[in-house]
Amino acid sequence: MKISMNIRAAGARLTVLLLRSVAMLLATTMAMAQQPTDLDAALRQRVVGVAKRYQDSVVLRWVPSNAAIWRIAKVNGYRIERAEVSGEKVGAFSVLTQQPLKPWTAEQWTAFELANPKLDTGEAQAMMVAGALSETSDDPNDYPVNDPGQLDALRESRERAEMSFNFAMMVAERSRNAANGLGLRYADPTAKLGTSYRYRISLVGSADPYTVESALVDVEPTPRKRPENVQVVEADELAPEPH
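Residues numbered from 1 in each chain as written. Predicted model: local features only at pLDDT ≥ 70, side-chain atom pairs only at ≥ 80, totals over all residues. Heavy atoms only, no water.

S.K.: I would appreciate a short explanation of the sheet that holds strand β8 (residues 211-213) in the present structure.
M.R.: As a general point, the strands of a sheet are linked pairwise by backbone hydrogen bonds and lie either parallel or antiparallel. Read from one edge to the other, the open sheet built from four strands follows the order β6-β2-β1-β8, with strand pairing classed as mixed. Taken across any chain shown, the strands that pair with only one partner, and hence form the sheet edges, are β6 (185-188) and β8. Strand-to-strand, the axes of this sheet are offset by a mean angle of 20 degrees, without reference to chain direction. (Pairing = 2+ DSSP bridges. Helix = DSSP H or I, 4+ residues; strand = E, 2+ residues; numbered from the N terminus. Axes fitted to C-alpha atoms, helices over the stretch in contact; angles between N-to-C directions.)

Below is the structure:
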């Protein structure tokens, strides 16, 4: 994929803008429908995770529950922990990630592009969109509440954040490389066959005013066998791959 960074960035921005335009009406409707009457409930969020056991590793995928947590996570990152499970007993958790898992930096996106020049068109487009969406937004979040004009700007900013979040989750589901780049996927090559595990995926640092529940994901000791004579088309995070 021989393409300059300027063209790549411009193409990614154009793609995101087009997607945002198509989804604007839907996002506005969703925003109006999601006005919680219980503030405490609205501030209780979580990380949702799934896992897939392979012969040589365990692959984890997760998503935050809303756009606000996604935005915080892009800055703070996630921590992955693992505990052995024996019967009903769960052992002590140990940290697998020495540094928080965050979206790739611009240098990491460039390195991936240079190392993978022959991506097919769909994968290349997914990576361009993911790269654009991984950037930390600099939209202001301190508009004075007594200024109707700035409240409108804040509302528009929130809607853009919701759309960016939805598109990021879609491309992460479509592409394992995009999920890696967005900081929403982790492969654990140290998992031993024959051992059951519980993984904990946590947002690092404070998410004030939100309380964010960590994802707990249990993994069986061996990969499940597929039924014979049945063709299975797996989602991104469950697809066989070199790690």
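S.K.: Hey, could you run me through the pairing of strand β9 (residues 215-219) in this one?
M.R.: In summary, the side chains of a regular strand alternate between the two faces of the sheet. Every second residue of β9 is oriented toward a common face, the buried set being Ala 215, Val 217 and Val 219 and the non-buried set Leu 216 and Asp 218. Of the strand pairs in this sheet, strand β7 (residues 196-203) and β9 are connected by five bridges, and their pairing is antiparallel. If you follow Tyr 197 over to β9, its bridge partner there is Val 219. (Buried < 20%, exposed > 50% of the residue type's maximum accessible area, 1.4 Å probe, protein only.)

S.K.: Where do I start with the side chain of Asn 66 in this structure?
M.R.: Examined against the element boundaries, Asn 66 turns out to sit in the loop between β2 (58-64) and α3 (67-76). The class for Asn 66 is buried, based on a relative accessible area of 16%. Reaching out from Asn 66, the side chain makes a polar contact with the backbone nitrogen of Ala 68 at a distance of 3.2 Å. Those residues in contact with Asn 66, other than ones at most four positions away along the chain, are Gln 45, Phe 165 and Tyr 210. (Polar contact = N/O pair within 3.5 Å; in protein donor to acceptor, adjacent residues only side chain to side chain. Contact = heavy atoms within 4.5 Å.)

S.K.: What should I look at first to understand the packing of aromatic side chains in this one?
M.R.: Aromatic rings considered in pairs are described by the distance between their centres and by the relative angle of their planes. Within this structure, the stated rule accounts for four aromatic pairs. Here the aromatic rings of Trp 62 and Tyr 78 are separated by 5.6 Å at their centres, their planes lie at 65 degrees, and the arrangement is edge-to-face. Here Tyr 78 lies in strand β3 (residues 78-86) and Trp 62 lies in strand β2, a separation of 16 residues in the sequence. Overall, the relative accessible area of 1% leaves Trp 62 in the buried class. According to the relative accessible area criterion, Tyr 78 is buried, its value standing at 2%. Taking 6.1 Å as the distance between ring centres and 55 degrees as the angle between the ring planes, the aromatic pair formed by Tyr 197 and Tyr 199 counts as tilted. Each member of the pair Tyr 197 and Tyr 199 is classed as buried. (Phe/Tyr/Trp six-rings, centres within 6.5 Å; stacked < 30°, edge-to-face > 60°.)

S.K.: Looking at this structure, how should I read the pattern of salt bridges?
M.R.: Should their charged atoms come close, side chains of opposite charge can pair. Under the criterion given, the structure shown has six salt bridges. The shortest N-O distance in the salt bridge between Asp 218 and Arg 198 comes to 2.7 Å. In this pair, Asp 218 is assigned in strand β9 and Arg 198 in strand β7, connecting sequence segments 20 residues apart. Take Arg 198: its relative accessible area is 25%, and that puts it in the partly exposed class. With a shortest N-O distance of 3.1 Å, Glu 220 and Arg 224 are connected by a salt bridge. (Salt bridge = Lys/Arg side-chain N within 4 Å of Asp/Glu carboxyl O.)

S.K.: What should I look at first to understand the nonpolar core in this one?
M.R.: If you look at soluble globular proteins, the nonpolar side chains tend to sit buried side by side. Counting 40 residues, the largest nonpolar core has Trp 62, Tyr 199 and Ile 201 as the members making the most contacts within it. The leading source of residues in this core is helix α6 (residues 148-174), at seven residues. (Core = buried A, V, L, I, M, F, W, Y, C linked by side-chain atoms within 4.5 Å.)

S.K.: Sorry, what's going on with the side chain of Arg 53 here?
M.R.: In this fold, Arg 53 is placed in strand β1 (residues 44-53). Although buried, Arg 53 forms no salt bridge, and the nearest oppositely charged side chain, Asp 188, lies 7.7 Å from it. Within the structure, the side chain of Arg 53 is placed 2.6 Å from the backbone oxygen of Thr 195, a separation counted as a polar contact. Excluding anything up to four places from it in sequence, Arg 53 contacts Val 58, Ala 191, Lys 192, Leu 193, Thr 195, Tyr 197, Val 219, Glu 220, Pro 221, Thr 222 and Pro 223. (Lys, Arg positive; Asp, Glu negative; His and termini not counted.)

S.K.: Please clarify how helix α4 (residues 106-115) should be interpreted in this entry.
M.R.: Buried residues of α4: Trp 109, Phe 112 and Glu 113, and no others. All buried residues of α4 fall inside an arc of 100 degrees around its axis, so they share one side. Those residues of α4 that are exposed and aimed more than 90 degrees away from the buried face are Glu 107, Leu 114 and Ala 115. (Arc of directions from axis to C-beta.)

Honestly, it's all geometry; don't read function into it.
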